[in-house]
Amino acid sequence: MPPVITSRHNPRVKQAAALRSRKARDARRQTLVHGPRETLRAIQAGAEVVEAYVCQELLRGADAAQAQAALQSSSADVMTTTPEVFERLAYGDRLDGVVSVVATPRRPLPGLGLPPRPVVAVVEGVEKPGNLGAVLRTADAAAVDAVVLADPVIDLFGPNVIRASVGAVFKPNTAVATTGETLAWLEGIGVPVYATRPDAAECYTAADFSAGAAIVLGAESTGLSDAWRVAPTRPIRLPMHGVADSLNLSATAAVLFYEALRQRPSPGGAVG
């Protein structure tokens, strides 16, 4: 067993902690994954864990045991630390014993594998990591086949996105592209495209997701770009009966994703 890292100034610890910066993440094509559950899901999704920092005194529960076993079976360089050193690496209050350095995979549109009649989510210009993470988590829960980030403002593999998605971001059914590339790709896969707009005349309940569809959502601050107005899309809206004119992005996504799931055969074969 390697010696325990006891210095907060250890060069490897400093290098790992630097990945809090997007500049460092982009330059090294690596990111920090905080937490045993997120680390386990990254491994299960096939992500490459380069190294991991484990604090035995902080490990708790089944997730921690499974993550530690998965790390030991992987090619990752696993190091142990004191609680004081681990605190330097941890995100906020995430003192749960595991922080990993993971290589960020490239996610081009052509690499997406789709089943027949897929439901695809497109999120354009997303600005908030928490919202993106929640959208990815909900897409995973509602059996959305792929999520495409069109012209994103934020880093798909930023630690806040990873945390909010509870590791779902590492599933290989996500891609990043420009809006133009996304529009061309959607035309190629041949599914109806529904664009969410607060001024749309058609309610989302009139949309037919049963044979596959693309559900397009825009950033909360700006909505969808004009590119989606000239494209062959059907605008849809969620009814708003209060003083607010729109829902949070992740709330809107949840309503639409589960409506699509309701209309389609479930993984078990029954219609919900």
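The structure reproduced in this document is the subject of the present report.

Looking now at the overall build of the protein. Across its full length, the protein carries 10 helices and 11 strands. With the C-alpha coordinates of the protein rotated into their principal frame, the extents come out at 65 × 40 × 40 Å. By residue count, 49% of the 272 residues in the protein fall in the buried class. Looking at the protein alone, contacts between residues at least 24 apart form 82% of all its contacts between residues at least 6 apart. Counting 27 positive and 26 negative side-chain charges, the protein places the averaged centre of each group 3 Å from the other.

What follows concerns the pairing of strand E10 (residues 213-218). Among the 6 residues of E10, 6 are classified as buried, and the element is accordingly described as predominantly covered. Pairing between strand E5 (residues 119-124) and E10: 6 bridges, direction parallel. Across the sheet, Val 122 pairs through a bridge with Val 216, a residue of E10. Taken together, the 3 bridges between strand E8 (residues 193-196) and E10 define a ladder with parallel strand orientation.

Residue position: Ala 142 is located in the loop between helix H6 (129-141) and strand E6 (146-150). A sequence separation of 119 residues divides Ala 142 from Leu 261, and the C-alpha atoms of the two residues are 6.1 Å apart. For Ala 142, the contacting residues outside a window of four places in its chain are Phe 257, Tyr 258 and Leu 261.

What follows is about the sheet that holds strand E4 (residues 98-103). Strand order in the open sheet formed by 4 strands is E1-E4-E2-E3, and the pairing between neighbours is mixed. Both edges of this open sheet fall to strand E1 (30-34) and strand E3 (77-80), since each of them pairs with a single strand only. Averaged over neighbouring strand pairs, the angle between their axes works out to 15 degrees when direction is ignored. The pairing of strand E2 (residues 49-54) with E3 spans 4 bridges and is classified as parallel. Counterpart to Val 54 in the pairing with E3 is Thr 80. Set on the sheet, helix H4 (residues 61-73) makes contact with E2, E3 and E4; between it and E2 the angle comes to about 135 degrees.

A separate point is empty space enclosed by the protein. Per the counting criterion, the structure on display carries 2 cavities of 30 Å³ or more. Taken together, Leu 136, Ala 139, Asp 140, Val 144, Val 147, Ala 168, Lys 171, Asn 173 and Thr 174 form the lining of the largest cavity. Looking at the lining of the largest cavity, the element that brings in the most residues is H6, giving 3 residues. Looking at the lining of the largest cavity residue by residue, the classes come out as 5 nonpolar, 2 polar and 2 charged. Quantified by volume, the second largest cavity comes out at close to 40 Å³. Considering the residues around the second largest cavity, the lining is formed by Val 126, Glu 127, Lys 128, Asn 131, Ala 219, Glu 220 and Leu 249. Along the lines of polarity and charge, the residues of the lining of the second largest cavity split into 3 nonpolar, 1 polar and 3 charged.

Summed over the entire model, instances satisfying the criterion amount to 10 salt bridges. Across the salt bridge formed by Glu 51 and Arg 12, the nearest N and O atoms sit 2.7 Å from each other. Of this pair, Glu 51 sits in strand E2 while Arg 12 sits in helix H1 (residues 11-17), placing them 39 residues apart in sequence. Its relative accessible area of 9% is what places Glu 51 among the buried residues.

With that out of the way, let us pick up the nonpolar core. Counting residues in hydrophobic clusters, the biggest one holds 46 residues, and the most contacted among them are Phe 170 and Phe 257. No other element matches helix H10 (residues 249-263), which puts 5 residues into this core. Setting aside its immediate chain neighbours within four residues, Phe 170 contacts Thr 31, Val 33, Ala 42, Ala 45, Ala 47, Val 102, Arg 107, Phe 157 and Ile 162. Membership of the second largest hydrophobic core comes to 18 residues, among which are Val 148, Trp 185, Leu 186 and Leu 224.

With that settled, consider unusual backbone geometry. If you check the backbone angles, Arg 29 has positive phi at about 50 degrees while not being a glycine. Within the fold, Arg 29 resides in the loop between helix H2 (22-28) and E1. Phi is positive for Arg 117, close to 50 degrees, though the residue is something other than glycine. With respect to the element layout, Arg 117 can be found in the loop between E4 and E5. The exposure class of Arg 117 is exposed, given its relative accessible area of 54%.

Before going further, it helps to examine the sheet that holds strand E11 (residues 234-237). Ordered in space as E7-E6-E5-E10-E8-E11-E9, the 7 strands form an open sheet in which the pairing is parallel. A single partner strand is all that each edge strand has here, and the edge strands are strand E7 (174-177) and strand E9 (202-203). With 5 bridges connecting them, E5 and E6 associate as parallel partners. Paired with Val 122 across the strands is Val 148, a residue of E6. Along the sheet, helix H8 (residues 179-189) makes contact with E5, E6, E7, E8 and E10, crossing E5 at roughly 165 degrees.

Conventions used here
Numbers given to residues run from 1 along each chain, matching the order in which its sequence is written. Where local features are concerned, this predicted model is filtered to residues with pLDDT of at least 70; where side-chain atom pairs are given and counted, the filter is 80 or more; whole-chain, interface and lining totals use all residues. No hydrogens and no water enter the side-chain calculation; it runs on all heavy atoms of the structure. Each helix is a run of DSSP H or I of at least 4 residues and each strand a run of E of at least 2, with the numbering of both proceeding from the N terminus. The classification of residues rests on relative accessible area computed with a 1.4 Å probe and restricted to protein chains. Under 20% of the type maximum is buried, over 50% is exposed, and intermediate values are partly exposed. Any two residues having at least one pair of non-hydrogen atoms within 4.5 Å are treated as being in contact. This count recognises Lys and Arg as positive and Asp and Glu as negative, with His and chain-terminal groups excluded. Where a charge lies is defined by one atom per residue type: Lys uses NZ, Arg uses CZ, Asp uses CG and Glu uses CD. Two strands make a pair as long as DSSP finds a minimum of two bridges between them. Under this scheme, a helix contributes an axis fitted over its contacting stretch, all axes are lines through C-alpha atoms, and angles between N-to-C directions fall in the 0 to 180 degree range. Space inside and on the surface of the protein is sampled on a 1 Å grid over the protein atoms alone, with a cavity defined as a set of points where a 1.4 Å probe fits but cannot get out and a pocket as an open set with protein on both sides within 12 Å along at least 5 of 7 lines; lining residues have an atom within 4 Å of a point. Grid points are joined across faces, edges and corners, and a volume is the space filled by probe spheres set on the points. Ten residues, namely Ala, Val, Leu, Ile, Met, Phe, Trp, Tyr, Cys and Pro, are considered nonpolar, four, namely Asp, Glu, Lys and Arg, are considered charged, and the remaining ones, Gly among them, are considered polar. We define a salt bridge as a contact between a side-chain nitrogen of Lys or Arg and a carboxyl oxygen of Asp or Glu at a distance within 4 Å. Only buried residues count toward a nonpolar core. Its members are Ala, Val, Leu, Ile, Met, Phe, Trp, Tyr and Cys residues joined through side-chain atoms within 4.5 Å.

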